[in-house]
Amino acid sequence: MLAPEGWPFVLGGAAFAVVVSLLWPRGIPLAALGLLLALFSLWFFRNPDRTPPPGAGVVVSPADGRIVYAGESPPGRYALVAGQRVSVFMSPFDVHVNRAPVTGRVASVRYHKGAFHVASVDKASLRNEQNGVAILTPEGRTVTYVQIAGMVARRIVCDLKEGEPVRQGQRVGMIRFGSRVDLYLPAEVRLSVVHGDRVRAGESVIGVFP
């Protein structure tokens, strides 16, 4: 399954390869580059099916990648009170489709312009271009995920709008070419991950509400 954002790259690369090979017989190496772009795009923009685990109060990962932070978080831009933050770094080799960590309704969508530091470092959480989405669960809990652009990633895609219902595990957007997603949770959540763990969007359990 392919993410919709990938089709222009796939079709563009394939069309370039066909046109060059037809109009310029000696341009086979150049045509091969177009074909490689199409094949790379098919792989990079892959959108595999994911099934959230059963259980009440479960929070799943919003992104594929490696945990670069899991711990306490002071009050700030996305939470008025202290809580917890889990940060997932997505390398260019990870699936870049983001998925909803919980079921609920979108309480807010906030975009912030910023820099493009390496997404794996902690300062990216505050300084990089980002888009924060707060989800209010049926139990009245607020869970916020933040899509953060990296040094290479310069395009954040958010599929949600304020007031929309959202289902845990559904696709909610993506970030292109290496990036990070921060997840802000209430203090009472029991974290299930530690620094260095690998996680999968929509399937890996990040924490559980008591």
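Refer to the structure printed above.
Values in this document were obtained by computation on a predicted structure and should not be read as measured data.

(A) Focus on the packing of aromatic side chains. The final tally for this structure, using the stated rule, is 1 aromatic pair. When the centroid spacing of 5.5 Å and the interplanar angle of 35° are considered together, the rings of Tyr78 and Tyr184 count as tilted. Here Tyr78, found in the loop between strand S2 (65–73) and strand S3 (83–90), pairs with Tyr184, found in strand S11 (residues 179–186); they are 106 residues apart in sequence, far enough to count as distant. Each member of the pair, Tyr78 as well as Tyr184, is classed as buried.

(B) A look at the pairing of strand S10 (residues 171–175). In terms of burial, S10 is largely enclosed, as 5 of its 5 residues are buried. One ladder, built from 3 bridges, connects strand S4 (residues 97–99) with S10; its direction is antiparallel. Bridge pairing links Asn98 to Gly173 in S10. Examined bridge by bridge, strand S8 (residues 156–158) and S10 share 3 bridges and lie antiparallel to one another. Directly across from Cys158, in S10, lies its bridge partner Gly173.

(C) Quick peek at the side chain of Arg180. Checked against the element boundaries, Arg180 lands in strand S11. By relative accessible area, Arg180 is classed as buried at 0%.

(D) Broad picture of the sheet that holds strand S13 (residues 198–199). Across the sheet, which stays open at both edges, the 8 strands sit in the order S9-S5-S6-S7-S11-S3-S2-S13 with antiparallel pairing between neighbours. The open sheet terminates on both sides in strands that have one partner only, identified here as strand S9 (165–166) and S13. Sheet topology note: the S3/S11 ladder contains 8 bridges and is antiparallel. Its bridge partner lying in S11, Val88 is registered against Val181.

(E) Molecular detail of the sheet that holds strand S14 (residues 205–208). Pairing within the open sheet is antiparallel, and its 3 strands lie in the order S1-S14-S12. On the outer flanks of this sheet lie strand S1 (58–60) and strand S12 (190–191), each paired with one strand and no other. Two elements, S12 and S14, share 2 bridges in a ladder whose sense is antiparallel. If you follow Arg190 over to S14, its bridge partner there is Val208.

(F) Spotlight on the nonpolar core. With 27 residues, the main nonpolar core has Ile67, Tyr145, Leu160, Leu183, Leu185 and Ile206 as its most contacted residues. The contact partners of Leu183, leaving out residues within four places of it in the chain, are Val59, Val60, Pro62, Gln84, Arg85, Val86, Pro101, Val143, Thr144, Tyr145 and Ile206.

(G) How the structure looks around the environment of Gly169. Inspection of the secondary structure puts Gly169 in the loop between S9 and S10. With relative accessibility at 6%, the residue Gly169 sits in the buried group. Each C-alpha atom of the pair Gly169 and Thr51 lies 6.7 Å from the other, and the pair is 118 residues apart in sequence. Each residue touching Gly169, except ones within four places of it in the same chain, is listed here: Pro52, Arg99, Ala100 and Gly202.

Scoring rules and cut-offs
- Residues numbered from 1 in each chain as written.
- Predicted model: local features only at pLDDT ≥ 70, side-chain atom pairs only at ≥ 80, totals over all residues.
- Heavy atoms only, no water.
- Phe/Tyr/Trp six-rings, centres within 6.5 Å; stacked < 30°, edge-to-face > 60°.
- Helix = DSSP H or I, 4+ residues; strand = E, 2+ residues; numbered from the N terminus.
- Buried < 20%, exposed > 50% of the residue type's maximum accessible area, 1.4 Å probe, protein only.
- Pairing = 2+ DSSP bridges.
- Core = buried A, V, L, I, M, F, W, Y, C linked by side-chain atoms within 4.5 Å.
- Contact = heavy atoms within 4.5 Å.

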